[in-house]
Amino acid sequence: MAEVIRMPLLSDTMTEGKIVTWNKNVGDKVKSDDVLAEVETDKATMEVNGYVDGTLLYIGVPAGQAAKINQVIAIVGKEGEDFKSLLDEPAAEKPAAKDTDAAIKKEVKSEKPEVKNEEEIINKEIPATETTAETDGRIKASPLAKKLASEKGIDISKINGSGDGGRVTKKDVDEFKGAPSQPEPVSEKQQASTARPFIAPAFTPGEEGHTDIPLTQMRKVIARRLSESKFSAPHFYVTMEINMDNAITARNAMNEVSPVKISFNDMIIKACASALRQHPDVNSSWIPAKSGTDGSEFIRQNHHIHIGSALALPEGLIVPVIRFADQKTLSQIAADAKQLYAKARDKKIQPNEFSGNTFTISNLGMMDVEEFTAIINPPDSCILAVGNIRETVIRKNGAFDVTNVMKVTLSCDHRSVDGAVAAAFLQTLKKYLQDPVTMLV
(Lines give C-alpha, C1' and ligand atoms only; values in the text may rest on other atoms or scores of the structure.)
Protein backbone atom coordinates (compact mmCIF):
# COMPACT_ATOMS: atom_id res chain seq x y z
CA MET A 1 0.00 0.00 0.00
CA ALA A 2 1.22 3.49 -0.84
CA GLU A 3 2.76 5.53 2.00
CA VAL A 4 1.87 9.20 2.53
CA ILE A 5 4.78 11.55 3.36
CA ARG A 6 3.64 14.59 5.34
CA MET A 7 5.40 17.81 6.33
CA PRO A 8 7.04 16.87 9.67
CA LEU A 9 7.35 19.07 12.77
CA LEU A 10 11.06 19.86 12.67
CA SER A 11 11.15 22.41 15.51
CA ASP A 12 8.91 23.38 18.42
CA THR A 13 8.12 26.76 16.84
CA MET A 14 7.51 25.53 13.31
CA THR A 15 4.07 25.98 11.74
CA GLU A 16 5.01 25.41 8.12
CA GLY A 17 8.04 24.49 6.04
CA LYS A 18 9.24 25.64 2.63
CA ILE A 19 10.41 23.02 0.13
CA VAL A 20 13.84 24.21 -0.95
CA THR A 21 14.52 21.39 -3.39
CA TRP A 22 13.32 17.91 -4.34
CA ASN A 23 16.11 15.35 -4.65
CA LYS A 24 13.81 12.88 -6.41
CA ASN A 25 11.33 13.20 -9.27
CA VAL A 26 7.99 11.46 -9.78
CA GLY A 27 8.69 7.95 -11.09
CA ASP A 28 12.11 7.62 -9.40
CA LYS A 29 12.88 4.61 -7.25
CA VAL A 30 13.52 5.51 -3.63
CA LYS A 31 14.86 3.72 -0.59
CA SER A 32 13.79 4.19 3.02
CA ASP A 33 16.93 6.14 3.92
CA ASP A 34 16.92 8.38 0.84
CA VAL A 35 16.58 12.12 1.41
CA LEU A 36 13.53 13.08 -0.62
CA ALA A 37 13.62 16.83 -0.05
CA GLU A 38 15.29 19.69 1.81
CA VAL A 39 12.93 21.86 3.88
CA GLU A 40 13.55 25.39 5.17
CA THR A 41 12.11 25.84 8.66
CA ASP A 42 12.07 28.92 10.85
CA LYS A 43 15.60 28.17 12.06
CA ALA A 44 17.47 25.95 9.60
CA THR A 45 17.32 23.82 6.46
CA MET A 46 16.47 20.21 7.32
CA GLU A 47 16.30 16.91 5.40
CA VAL A 48 13.10 14.89 4.94
CA ASN A 49 13.39 11.13 4.43
CA GLY A 50 10.81 8.82 2.85
CA TYR A 51 11.24 5.98 5.40
CA VAL A 52 9.85 3.49 2.86
CA ASP A 53 11.07 1.68 -0.24
CA GLY A 54 9.19 2.10 -3.50
CA THR A 55 8.51 4.57 -6.30
CA LEU A 56 7.84 8.26 -5.86
CA LEU A 57 4.26 8.46 -7.15
CA TYR A 58 3.28 12.01 -6.26
CA ILE A 59 4.75 15.38 -5.28
CA GLY A 60 2.17 17.62 -3.62
CA VAL A 61 4.21 20.77 -3.00
CA PRO A 62 6.58 22.08 -5.70
CA ALA A 63 10.00 23.42 -4.78
CA GLY A 64 9.78 27.01 -3.65
CA GLN A 65 6.36 26.64 -2.01
CA ALA A 66 5.47 26.19 1.67
CA ALA A 67 3.41 23.44 3.30
CA LYS A 68 1.64 23.43 6.66
CA ILE A 69 2.57 20.90 9.34
CA ASN A 70 1.08 17.46 8.51
CA GLN A 71 0.21 18.48 4.94
CA VAL A 72 0.79 15.80 2.28
CA ILE A 73 3.97 16.61 0.38
CA ALA A 74 4.62 13.28 -1.36
CA ILE A 75 3.40 9.68 -1.79
CA VAL A 76 5.64 6.62 -2.17
CA GLY A 77 4.31 3.21 -3.23
CA LYS A 78 4.38 0.54 -5.90
CA GLU A 79 4.80 1.66 -9.48
CA GLY A 80 1.40 2.27 -11.09
CA GLU A 81 -0.48 2.04 -7.77
CA ASP A 82 -3.63 4.16 -7.40
CA PHE A 83 -3.00 6.76 -4.70
CA LYS A 84 -5.71 9.36 -5.39
CA SER A 85 -7.88 8.18 -2.51
CA LEU A 86 -5.08 9.04 -0.10
CA LEU A 87 -5.31 12.71 -1.07
CA ASP A 88 -8.88 12.86 0.22
CA GLU A 89 -7.95 11.88 3.78
CA PRO A 90 -8.94 14.57 6.37
CA ALA A 91 -5.37 15.33 7.44
CA ALA A 92 -4.30 16.16 3.92
CA GLU A 93 -4.47 19.70 2.66
CA LYS A 94 -4.04 20.66 -0.94
CA PRO A 95 -1.03 22.92 -1.39
CA ALA A 96 -1.59 26.54 -2.12
CA ALA A 97 -1.47 27.30 -5.81
CA LYS A 98 0.19 30.62 -5.30
CA ASP A 99 3.92 30.52 -5.88
CA THR A 100 5.47 32.40 -2.96
CA ASP A 101 8.72 32.96 -4.81
CA ALA A 102 7.04 34.29 -7.99
CA ALA A 103 7.14 37.83 -6.67
CA ILE A 104 10.45 37.83 -4.80
CA LYS A 105 11.31 41.38 -5.72
CA LYS A 106 8.76 43.52 -7.54
CA GLU A 107 9.98 46.99 -8.32
CA VAL A 108 7.36 49.73 -8.59
CA LYS A 109 8.34 53.03 -10.11
CA SER A 110 6.27 56.16 -10.54
CA GLU A 111 6.22 58.28 -13.67
CA LYS A 112 8.38 61.37 -13.72
CA PRO A 113 6.38 64.52 -13.08
CA GLU A 114 6.47 67.10 -15.85
CA VAL A 115 9.13 69.74 -15.29
CA LYS A 116 8.37 73.22 -16.57
CA ASN A 117 11.01 75.42 -18.14
CA GLU A 118 12.92 78.00 -16.15
CA GLU A 119 10.84 80.96 -17.29
CA GLU A 120 7.57 79.29 -16.33
CA ILE A 121 8.94 78.48 -12.85
CA ILE A 122 10.14 82.02 -12.27
CA ASN A 123 6.96 83.60 -13.59
CA LYS A 124 4.94 81.39 -11.27
CA GLU A 125 7.03 82.07 -8.17
CA ILE A 126 7.51 85.81 -8.88
CA PRO A 127 4.25 87.10 -10.41
CA ALA A 128 4.56 90.23 -12.53
CA THR A 129 3.01 93.42 -11.15
CA GLU A 130 4.16 95.84 -13.86
CA THR A 131 1.59 97.83 -15.78
CA THR A 132 1.82 98.85 -19.44
CA ALA A 133 3.80 101.87 -20.59
CA GLU A 134 0.59 103.55 -21.83
CA THR A 135 -0.96 103.73 -18.35
CA ASP A 136 1.72 105.06 -16.00
CA GLY A 137 5.06 104.89 -17.82
CA ARG A 138 6.21 101.62 -16.26
CA ILE A 139 7.45 98.71 -18.34
CA LYS A 140 5.47 95.48 -18.60
CA ALA A 141 7.95 92.56 -18.66
CA SER A 142 8.50 89.15 -17.13
CA PRO A 143 10.94 88.93 -14.19
CA LEU A 144 13.29 86.74 -16.24
CA ALA A 145 13.26 89.22 -19.15
CA LYS A 146 14.09 92.10 -16.78
CA LYS A 147 16.90 90.03 -15.25
CA LEU A 148 18.45 89.18 -18.63
CA ALA A 149 18.12 92.74 -19.88
CA SER A 150 19.90 94.03 -16.79
CA GLU A 151 22.72 91.50 -17.18
CA LYS A 152 23.18 92.42 -20.87
CA GLY A 153 23.01 96.16 -20.20
CA ILE A 154 19.90 96.62 -22.38
CA ASP A 155 17.33 99.35 -21.76
CA ILE A 156 14.21 97.21 -21.57
CA SER A 157 11.97 100.19 -22.39
CA LYS A 158 13.37 100.10 -25.95
CA ILE A 159 12.28 96.52 -26.54
CA ASN A 160 8.96 95.85 -28.25
CA GLY A 161 7.25 93.10 -26.30
CA SER A 162 5.66 90.19 -28.16
CA GLY A 163 3.71 88.82 -25.18
CA ASP A 164 0.17 89.52 -24.09
CA GLY A 165 -0.53 93.25 -23.94
CA GLY A 166 3.00 94.04 -25.20
CA ARG A 167 4.71 92.17 -22.37
CA VAL A 168 8.48 91.79 -22.87
CA THR A 169 9.61 88.13 -22.69
CA LYS A 170 12.96 86.37 -22.53
CA LYS A 171 12.76 85.73 -26.28
CA ASP A 172 12.36 89.46 -26.95
CA VAL A 173 15.50 90.24 -24.93
CA ASP A 174 17.52 87.50 -26.65
CA GLU A 175 16.51 88.77 -30.10
CA PHE A 176 16.96 92.48 -29.36
CA LYS A 177 19.56 94.03 -31.71
CA GLY A 178 19.87 97.48 -30.20
CA ALA A 179 22.98 98.81 -28.47
CA PRO A 180 23.32 98.03 -24.79
CA SER A 181 22.73 100.91 -22.42
CA GLN A 182 25.35 102.20 -20.01
CA PRO A 183 24.16 101.57 -16.48
CA GLU A 184 24.57 104.46 -14.08
CA PRO A 185 26.85 103.80 -11.12
CA VAL A 186 24.99 103.09 -7.92
CA SER A 187 26.08 103.19 -4.31
CA GLU A 188 26.36 100.12 -2.08
CA LYS A 189 23.23 101.28 -0.26
CA GLN A 190 21.30 101.43 -3.53
CA GLN A 191 22.63 98.00 -4.54
CA ALA A 192 21.38 96.53 -1.28
CA SER A 193 17.94 98.14 -1.69
CA THR A 194 17.59 96.86 -5.28
CA ALA A 195 18.93 93.35 -4.67
CA ARG A 196 17.73 90.80 -7.18
CA PRO A 197 15.16 88.31 -6.00
CA PHE A 198 16.31 84.72 -5.41
CA ILE A 199 15.69 82.59 -8.50
CA ALA A 200 15.42 78.89 -7.78
CA PRO A 201 17.38 76.72 -10.22
CA ALA A 202 15.52 74.17 -12.30
CA PHE A 203 14.99 70.92 -10.35
CA THR A 204 14.77 67.46 -11.82
CA PRO A 205 13.15 65.09 -9.30
CA GLY A 206 14.31 61.52 -8.76
CA GLU A 207 12.20 58.41 -9.13
CA GLU A 208 10.02 56.95 -6.40
CA GLY A 209 10.06 53.19 -5.92
CA HIS A 210 10.06 50.25 -3.52
CA THR A 211 10.84 46.55 -3.33
CA ASP A 212 8.49 43.92 -1.87
CA ILE A 213 10.42 41.05 -0.24
CA PRO A 214 8.55 37.86 0.79
CA LEU A 215 9.07 36.65 4.37
CA THR A 216 11.36 33.72 5.08
CA GLN A 217 10.18 31.05 7.51
CA MET A 218 12.65 32.41 10.08
CA ARG A 219 11.40 35.97 9.71
CA LYS A 220 7.76 34.84 10.11
CA VAL A 221 8.53 33.13 13.42
CA ILE A 222 10.60 36.08 14.68
CA ALA A 223 7.69 38.42 13.95
CA ARG A 224 5.14 36.16 15.64
CA ARG A 225 7.10 35.21 18.76
CA LEU A 226 8.52 38.65 19.53
CA SER A 227 5.16 40.31 18.95
CA GLU A 228 3.62 37.89 21.43
CA SER A 229 6.44 38.63 23.88
CA LYS A 230 6.30 42.42 23.57
CA PHE A 231 2.52 42.71 23.82
CA SER A 232 1.89 40.02 26.44
CA ALA A 233 4.86 40.43 28.80
CA PRO A 234 5.05 43.80 30.65
CA HIS A 235 8.66 44.80 29.94
CA PHE A 236 10.79 47.02 32.16
CA TYR A 237 14.48 47.85 31.79
CA VAL A 238 17.43 48.25 34.16
CA THR A 239 20.78 49.64 32.93
CA MET A 240 24.16 49.41 34.65
CA GLU A 241 27.69 50.52 33.73
CA ILE A 242 30.54 48.05 34.27
CA ASN A 243 34.28 48.75 34.45
CA MET A 244 36.00 46.30 32.06
CA ASP A 245 39.68 47.07 32.77
CA ASN A 246 40.27 43.84 34.72
CA ALA A 247 38.22 41.82 32.21
CA ILE A 248 40.45 43.04 29.37
CA THR A 249 43.59 42.10 31.29
CA ALA A 250 42.19 38.70 32.31
CA ARG A 251 41.08 37.86 28.76
CA ASN A 252 44.53 38.62 27.35
CA ALA A 253 46.13 36.39 29.98
CA MET A 254 43.66 33.52 29.46
CA ASN A 255 44.05 33.57 25.68
CA GLU A 256 47.76 32.92 26.09
CA VAL A 257 47.00 29.47 27.53
CA SER A 258 43.47 28.66 26.31
CA PRO A 259 43.16 26.05 23.52
CA VAL A 260 40.44 28.18 21.91
CA LYS A 261 40.21 31.97 21.73
CA ILE A 262 37.96 33.39 24.44
CA SER A 263 35.81 36.39 23.47
CA PHE A 264 34.26 39.04 25.70
CA ASN A 265 30.88 37.50 24.87
CA ASP A 266 32.10 34.15 26.24
CA MET A 267 33.09 35.91 29.46
CA ILE A 268 29.65 37.57 29.67
CA ILE A 269 27.94 34.18 29.17
CA LYS A 270 29.99 32.70 32.03
CA ALA A 271 29.36 35.71 34.28
CA CYS A 272 25.60 35.59 33.62
CA ALA A 273 25.51 31.85 34.33
CA SER A 274 27.35 32.36 37.62
CA ALA A 275 25.05 35.24 38.59
CA LEU A 276 21.92 33.22 37.72
CA ARG A 277 23.04 30.53 40.17
CA GLN A 278 22.81 33.15 42.92
CA HIS A 279 19.57 34.71 41.59
CA PRO A 280 17.27 31.84 40.56
CA ASP A 281 14.28 34.21 40.30
CA VAL A 282 15.84 35.62 37.11
CA ASN A 283 16.34 32.10 35.73
CA SER A 284 12.59 31.58 35.43
CA SER A 285 9.62 31.54 33.05
CA TRP A 286 6.04 32.80 33.28
CA ILE A 287 3.74 29.91 32.39
CA PRO A 288 0.28 30.94 31.14
CA ALA A 289 -2.92 29.43 32.52
CA LYS A 290 -3.56 27.01 29.66
CA SER A 291 -0.30 25.17 30.45
CA GLY A 292 -1.00 24.65 34.15
CA THR A 293 -2.23 21.30 35.41
CA ASP A 294 -5.10 22.96 37.24
CA GLY A 295 -5.65 25.68 34.66
CA SER A 296 -3.86 28.42 36.64
CA GLU A 297 -0.84 30.59 35.87
CA PHE A 298 2.46 29.96 37.61
CA ILE A 299 6.18 30.77 37.58
CA ARG A 300 8.60 28.01 36.61
CA GLN A 301 11.97 28.42 38.32
CA ASN A 302 14.58 26.47 36.35
CA HIS A 303 17.27 24.50 38.18
CA HIS A 304 19.44 24.22 35.07
CA ILE A 305 21.07 27.20 33.35
CA HIS A 306 20.98 27.26 29.55
CA ILE A 307 22.22 30.56 28.07
CA GLY A 308 20.96 31.59 24.63
CA SER A 309 23.32 33.84 22.63
CA ALA A 310 21.55 35.74 19.84
CA LEU A 311 23.19 35.54 16.42
CA ALA A 312 22.22 37.71 13.42
CA LEU A 313 21.92 35.94 10.06
CA PRO A 314 20.85 37.38 6.68
CA GLU A 315 17.51 35.58 7.06
CA GLY A 316 16.91 36.82 10.61
CA LEU A 317 17.85 36.15 14.23
CA ILE A 318 18.67 32.75 15.72
CA VAL A 319 19.60 31.94 19.33
CA PRO A 320 22.04 29.03 19.77
CA VAL A 321 21.98 27.72 23.34
CA ILE A 322 24.99 27.02 25.58
CA ARG A 323 23.67 24.28 27.86
CA PHE A 324 24.70 24.05 31.55
CA ALA A 325 26.83 27.15 31.07
CA ASP A 326 27.41 27.54 34.81
CA GLN A 327 29.16 24.14 34.93
CA LYS A 328 31.53 24.81 32.00
CA THR A 329 34.91 26.53 31.87
CA LEU A 330 35.44 29.59 29.71
CA SER A 331 37.34 27.49 27.17
CA GLN A 332 34.44 25.02 26.93
CA ILE A 333 31.93 27.86 26.51
CA ALA A 334 34.09 29.42 23.78
CA ALA A 335 34.39 26.09 21.94
CA ASP A 336 30.64 25.39 22.16
CA ALA A 337 29.72 28.88 21.00
CA LYS A 338 32.12 28.77 18.05
CA GLN A 339 30.73 25.40 16.91
CA LEU A 340 27.07 26.46 17.27
CA TYR A 341 27.59 29.78 15.43
CA ALA A 342 29.23 27.92 12.52
CA LYS A 343 26.33 25.46 12.34
CA ALA A 344 23.80 28.29 12.40
CA ARG A 345 25.52 30.16 9.56
CA ASP A 346 25.66 26.94 7.49
CA LYS A 347 21.99 26.15 8.34
CA LYS A 348 23.07 22.86 9.90
CA ILE A 349 22.00 23.66 13.46
CA GLN A 350 19.56 21.17 15.00
CA PRO A 351 16.36 22.08 16.90
CA ASN A 352 17.75 20.96 20.27
CA GLU A 353 20.69 23.36 19.73
CA PHE A 354 18.52 26.49 19.46
CA SER A 355 15.81 25.69 22.01
CA GLY A 356 15.55 25.23 25.78
CA ASN A 357 17.11 28.57 26.77
CA THR A 358 16.43 29.87 30.29
CA PHE A 359 18.19 33.24 29.81
CA THR A 360 19.32 35.11 26.67
CA ILE A 361 22.14 37.54 25.79
CA SER A 362 21.99 39.95 22.84
CA ASN A 363 25.36 41.57 22.15
CA LEU A 364 25.73 44.46 19.68
CA GLY A 365 29.01 45.73 21.09
CA MET A 366 30.98 44.51 18.08
CA MET A 367 28.84 46.83 15.93
CA ASP A 368 29.86 49.90 17.97
CA VAL A 369 26.47 50.16 19.70
CA GLU A 370 26.84 51.83 23.08
CA GLU A 371 23.46 50.99 24.62
CA PHE A 372 20.12 49.45 23.57
CA THR A 373 17.13 47.47 24.86
CA ALA A 374 16.08 44.02 23.69
CA ILE A 375 12.72 42.23 23.54
CA ILE A 376 12.49 39.19 25.86
CA ASN A 377 13.03 35.87 24.07
CA PRO A 378 10.25 33.46 25.18
CA PRO A 379 10.09 31.49 27.41
CA ASP A 380 12.73 33.48 29.34
CA SER A 381 11.85 36.10 31.93
CA CYS A 382 14.88 38.25 31.06
CA ILE A 383 17.28 39.15 28.26
CA LEU A 384 20.56 41.07 28.62
CA ALA A 385 21.44 43.70 25.98
CA VAL A 386 25.21 44.30 25.83
CA GLY A 387 26.85 47.43 24.39
CA ASN A 388 30.43 48.10 23.33
CA ILE A 389 33.49 48.58 25.53
CA ARG A 390 34.59 52.19 25.26
CA GLU A 391 37.24 54.41 26.82
CA THR A 392 36.07 57.20 29.09
CA VAL A 393 37.77 59.78 31.30
CA ILE A 394 37.22 59.54 35.07
CA ARG A 395 38.48 61.45 38.10
CA LYS A 396 40.34 59.18 40.49
CA ASN A 397 42.42 60.06 43.53
CA GLY A 398 42.39 63.74 42.65
CA ALA A 399 43.58 63.17 39.07
CA PHE A 400 42.06 62.34 35.69
CA ASP A 401 42.48 58.87 34.22
CA VAL A 402 41.18 56.77 31.30
CA THR A 403 39.16 53.61 31.93
CA ASN A 404 37.15 51.11 29.87
CA VAL A 405 33.41 50.80 30.55
CA MET A 406 30.54 48.76 29.14
CA LYS A 407 26.79 49.36 29.51
CA VAL A 408 24.35 46.47 29.90
CA THR A 409 20.55 46.68 29.99
CA LEU A 410 18.38 43.91 31.45
CA SER A 411 14.88 43.60 29.95
CA CYS A 412 12.54 41.91 32.45
CA ASP A 413 9.07 40.40 32.46
CA HIS A 414 7.45 42.20 35.41
CA ARG A 415 5.06 39.29 35.95
CA SER A 416 7.90 37.10 37.23
CA VAL A 417 10.81 39.47 38.01
CA ASP A 418 10.68 42.66 40.09
CA GLY A 419 12.95 45.68 39.84
CA ALA A 420 14.90 44.93 43.02
CA VAL A 421 15.57 41.37 41.83
CA ALA A 422 16.83 42.67 38.46
CA ALA A 423 19.10 45.23 40.13
CA ALA A 424 20.57 42.64 42.49
CA PHE A 425 21.31 40.33 39.56
CA LEU A 426 23.14 43.13 37.69
CA GLN A 427 25.18 43.95 40.79
CA THR A 428 26.38 40.34 40.96
CA LEU A 429 27.08 40.30 37.21
CA LYS A 430 29.08 43.50 37.61
CA LYS A 431 31.10 41.97 40.45
CA TYR A 432 32.06 38.96 38.31
CA LEU A 433 33.06 41.00 35.25
CA GLN A 434 35.02 43.57 37.25
CA ASP A 435 36.90 40.77 39.03
CA PRO A 436 36.83 37.79 36.60
CA VAL A 437 38.84 35.55 38.94
CA THR A 438 35.81 35.27 41.22
CA MET A 439 33.69 33.50 38.59
CA LEU A 440 36.36 30.87 38.00
CA VAL A 441 36.23 29.59 41.56
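Bear in mind the structure is a predicted one, so any value in this text is a computation, not a measurement.

Caption draft 1: Here's a closer look at a nonpolar patch on the surface. A cluster of nonpolar side chains, contributed by V393, F400 and V402, occupies part of the molecular surface with about 330 Å² of accessible area. By the secondary structure assignment, F400 is in strand β20 (residues 399-413).

Caption draft 2: Structural context of the pairing of strand β5 (residues 45-49). Relative to β5, strand β4 (residues 35-40) is paired through five bridges, and the arrangement is antiparallel. Bridge pairing links A37 to V48 in β5. The turn linking β4 back onto β5 is made up of four residues.

Caption draft 3: Local environment of helix α8 (residues 264-278). With 15 residues, α8 extends 22 Å between its outermost C-alpha atoms, agreeing within 8% with the 21 Å of an ideal straight helix rising 1.5 Å per residue. Extensive coverage of α8 is indicated by the burial of 12 of its 15 residues. For α8, the set of buried residues is N265, D266, M267, I268, I269, K270, A271, C272, A273, S274, A275 and L276.

Caption draft 4: A look at the packing of aromatic side chains. Under the defined criterion, the tally for this structure stands at two aromatic pairs. Residues Y58 and F83 carry aromatic rings whose centres are separated by 5.5 Å and whose planes lie at 40° to one another, so their mutual orientation is tilted. You can see Y58 sitting in strand β6 (residues 54-59) and its partner F83 sitting in the loop between β8 (72-77) and β9 (106-109), a full 25 residues away along the chain. For F83, a relative accessible area of 16% corresponds to the buried category. Considering the side-chain rings of F359 and F425, the 5.6 Å spacing of their centres and the 50° angle between planes classify their relative orientation as tilted. Of this pair, F359 sits in strand β18 (residues 359-363) while F425 sits in helix α10 (residues 419-434), and the two are 66 residues apart along the sequence. F359 sits in the buried class, given a relative accessible area of 0%. The ring of F400 carries the charged tip of R395 above its face, separated from the ring centre by 5.4 Å. Here K431 stacks its cationic end above the ring of Y432, 4.8 Å away from the centre of that ring.

Caption draft 5: Representation of the pairing of β8. Within β8, six of the six residues are buried, which leaves it mostly tucked inside the rest of the structure. In this structure, strand β1 (residues 3-6) lies alongside β8, joined through four bridges in antiparallel fashion. Residue R6 lies in a different strand from β8, and its bridge partner there is V72. Where β6 meets β8, four bridges bridge the pair, whose relative direction is antiparallel. The residue of β8 that forms the bridge with I59 is A74.

Cut-off values and rules
- Residues numbered from 1 in each chain as written.
- Predicted model: local features only at pLDDT ≥ 70, side-chain atom pairs only at ≥ 80, totals over all residues.
- Heavy atoms only, no water.
- Patch = residues over 30% accessible without salt bridge, like charges linked within 9 Å, V, L, I, M, F, W, Y side chains within 5 Å.
- Areas by Shrake-Rupley, 256 points an atom, 1.4 Å probe, with all protein chains shown as cover.
- Salt bridge = Lys/Arg side-chain N within 4 Å of Asp/Glu carboxyl O.
- Helix = DSSP H or I, 4+ residues; strand = E, 2+ residues; numbered from the N terminus.
- Pairing = 2+ DSSP bridges.
- Expected span 1.5 Å × (residues − 1).
- Buried < 20%, exposed > 50% of the residue type's maximum accessible area, 1.4 Å probe, protein only.
- Phe/Tyr/Trp six-rings, centres within 6.5 Å; stacked < 30°, edge-to-face > 60°.
- Lys NZ or Arg CZ within 6 Å of the ring centre and 35° of its normal.

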